[in-house]
Amino acid sequence: MKRILITGATGQIGTELTPALRQRYGTEQVVAVGHKKEPAAQVRSGGPYVNCDVRDKIALAELVRHYKIDTIYHLAALLSATGEKEPQLAWDVNITGLFNVLEVARLHGCAVFHPSSIGAFGPDTPHDHTPQVTIQRPDTMYGVSKVTGELLCDYYFRRYGVDTRGVRYPGLISHTALPGGGTTDYAVEIFYAALGDQQYTCYLEPTTRLDMMYMPDAIRAAITIMAADPAQLQHRNAYNITAMSFTPAELAAAIRKHIGDFKISYEVDPIRQAIADSWPDQLDDSAARSQWDWAPSYDLERMTEDMLTRLGKKLRAQVSKAQGDEDGSG
Ligand code: NAD
Ligand code: SER
């Protein structure tokens, strides 16, 4: 029976991956690890929840030993925009944290899922149908840490036989937890704005094309690759995966099909624009499709409709709870 530990469990992915893994493997089998950030109710109360800084190897090893962990989903990291604000901290969390996880996994016989990113590519990488194996010379600290992470995971597999696996996620869109400081966050913020005052000021140019994915597909990818036949995994760490590719103007047009009055304007942030410009427009995910049957379920239209429906419901519930609290009936 699997015993799973998830670092970064309070983040955008962890908030949805934790309940998904608990549903699949049992609530007591999945230990959520937070750090500083307040966890959502389903993470804190749906099963074991503990706090740990991933840079503390001794504490991490103790958790793995105590809970008899055999699989670690290592999600704790600083994302691209935050990483450019604090590059030294980004290296420390992303690389010291990963190194600790791999060492603990080596000593305790755990498998490791570690997500890489479109951020592992850089300005010299072919932007269109970016191949699985290609030039990786990113110019952000986030990207440097992601390439290093891919290589470290490969090393621990080859040298020590640690069962490391991973995907290169594109920008992720979700309605449960807010994104944690990435360059692709606009694609989530825009939905909150559309359902609020129906206007959004985007920090990227209207024509900036990036790969994106809806969270249910991202969660399925993380679970599927860890269950895949290892004999089929030629790339193991860092499979290109994607679901859709769009620009801010195209996303706004998709939203406008549901909210006719929605307006978008642009005030470009040069730092995030430069990061976005260095990333692929569209990944070639054929290796993942052929080696572990990867296929996304959501395209731009389907994701937009689902986001507006589910986020709308969540925001309306928050408003009526606040009103109930105010008049004492909640
Ligand atoms: P997030 O920023 O939402 O969450 C990261 C979590 O890491 C936070 O909950 C934070 O509390 C935790 N953390 C930070 N420092 C820590 C430390 N020192 N010790 C322990 N925990 C710490 O990130 P996310 O979007 O959930 O991303 C998870 C992983 O997926 C990251 O490796 C990220 O690079 C990767 N990824 C995410 C996206 C995306 O669009 N969300 C895309 C590509 C790759
Ligand atoms: N969504 C992430 C970011 O923008 C991509 O890794 O940082």
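The following refers to the structure shown. (Residues numbered from 1 in each chain as written. Chains lettered and ligands numbered in written order. Predicted model: local features only at pLDDT ≥ 70, side-chain atom pairs only at ≥ 80, totals over all residues. Heavy atoms only, no water.)

### A few points about the site of ligand 2
Going by this rule: Proximity is defined per residue: any heavy atom of the residue falling within 4 Å of a molecule or strand makes that residue near it. Within 3.5 Å is the distance limit for a polar contact, defined as a pair of N or O atoms, with the added protein rule that one can donate a hydrogen and the other accept it, and that residues adjacent in sequence qualify only through two side-chain atoms. Accessibility throughout is a Shrake-Rupley quantity obtained with a 1.4 Å probe, and a residue counts as covered only by protein chains that appear here. Basically, the charged four are Asp, Glu, Lys and Arg, the nonpolar ten are Ala, Val, Leu, Ile, Met, Phe, Trp, Tyr, Cys and Pro, and anything else, Gly included, counts as polar.
Taken together, L79, S80, S117, Y142, G171, G182, T183, T184 and W279 make up the full set of residues near ligand 2. Contact between ligand 2 and S80: an oxygen atom at 2.6 Å from a side-chain N or O atom of the residue. Contacts to ligand 2 include T184, whose side-chain N or O atom sits 2.7 Å from a nitrogen atom. When isolated, ligand 2 has an accessible area of 230 Å², and the protein chains bury 93% of it. The residue inventory of the shell around ligand 2, partitioned by class, reads three nonpolar, six polar and no charged.

### Considerations on the sheet that holds strand β14 (residues 244–246)
We apply this condition: Strand pairing requires that DSSP identify at least two bridges connecting the strands. Only DSSP runs of H or I reaching four residues or more are called helices, and only runs of E reaching two or more are called strands; each is numbered from the N terminus. Every angle, taken between N-to-C directions, lies between 0 and 180 degrees, and every axis is a line fitted to C-alpha atoms, over only the stretch in contact when it is a helix. Contact between two residues is taken to exist if any of their heavy atoms lie within 4.5 Å; hydrogens are not considered.
Spatially, β10-β12-β14 is the arrangement adopted by the three strands of the open sheet, whose pairing is mixed. Across the chains shown, the open sheet's two edge strands, defined by having one partner strand only, are β10 (171–173) and β14. Each strand axis lies, on average, 40° off the axis of its neighbour in the sheet, ignoring direction. With three bridges connecting them, β10 and strand β12 (residues 210–214) associate as parallel partners. Bridge assignment links G171 to a residue of β12, and that residue is M212. Against the sheet, helix α7 (residues 186–195) engages β10, β12 and β14, with an angle of about 25° to β10.

### Focus: the sheet that holds strand β3 (residues 49–51)
The strand order across the open sheet built from six strands is β3-β2-β1-β4-β5-β8, with neighbouring strands paired in parallel fashion. The open sheet is flanked by β3 and β8 (164–165), the only strands paired with a single partner. In this structure, strand β1 (residues 4–7) lies alongside strand β2 (residues 30–34), joined through three bridges in parallel fashion. Directly across from I4, in β2, lies its bridge partner V30. Its contacts with the sheet put helix α8 (residues 215–227) on β4 (71–74), β5 (111–113) and β8, and the angle it makes with β5 is roughly 150°.

### Description of the side chain of T242
The following threshold applies: Each residue's exposure class comes from its accessible area (1.4 Å probe, protein chains only) as a fraction of the maximum for that residue type: buried when under 20%, exposed when over 50%, partly exposed otherwise.
For T242, the position within the fold is in the loop between β13 (239–240) and β14. Residue T242 is classed as buried on the basis of its relative accessible area of 7%. Within polar-contact distance, the side chain of T242 engages the side chain of D211 at 2.4 Å. Contact partners of T242, with chain neighbours within four places excluded, come to P170, D211, M212, M213, L283, D285, W294 and P296.

### So, the nonpolar core
The following threshold applies: Nine residue types can take part in a nonpolar core, namely buried Ala, Val, Leu, Ile, Met, Phe, Trp, Tyr and Cys, and a core is a set of them joined through side-chain atoms within 4.5 Å.
Counting 72 residues, the largest nonpolar core has W292 and M303 as its most contacted members. When residues of this core are assigned to their parent elements, the largest contribution, eight residues, is made by α8. Ignoring any residue separated from it by four or fewer positions in sequence, one finds W292 in contact with V167, A221, T224, I225, A228, L233, Y239 and I241. Of all hydrophobic cores here, the second largest spans 22 residues; its members include L5, V33, V50 and C153.

### Considerations on the site of ligand 1
Taken together, 26 residues are adjacent to ligand 1, and T10, Q12, H35, Y142 and K146 come closest. Taken by itself ligand 1 offers 830 Å² of open surface, and the protein chains cover 93% of this. If you list the elements that add at least two residues to the shell around ligand 1, you get β6 (116–117), α6 (141–160) and β10. For the shell around ligand 1, the per-class residue count stands at 13 nonpolar, nine polar and four charged.

### Here we look at the pairing of β4
A two-sided burial pattern is seen for β4, the buried positions comprising T71 and Y73 on one face and I72 and H74 on the other. Here four bridges tie β1 to β4, and the two strands are oriented parallel to one another. Residue pairing for β4: L5 is matched across the bridge by I72. As paired elements, β4 and β5 share three bridges and run parallel to each other. Counterpart to I72 in the pairing with β5 is V112.

### Points about unusual backbone geometry
Positioned with a positive phi, K36 is a non-glycine residue whose angle comes to about 70°. Positionally, K36 belongs in the loop between β2 and α2 (41–44). Classification of K36 by relative accessible area gives exposed; the value is 77%. Despite not being glycine, Q198 shows a phi value in the positive range, around 65°.

### Some details on the environment of T27
Inspection of the secondary structure assignment puts T27 in the loop between α1 (14–25) and β2. A relative accessible area of 40% means that T27 is categorised as partly exposed. Taking C-alpha positions, T27 is 25 Å from G97, a pair spaced 70 residues apart along the chain. Among residues more than four places away in sequence, those in contact with T27 are R22, G46, G47 and P48.

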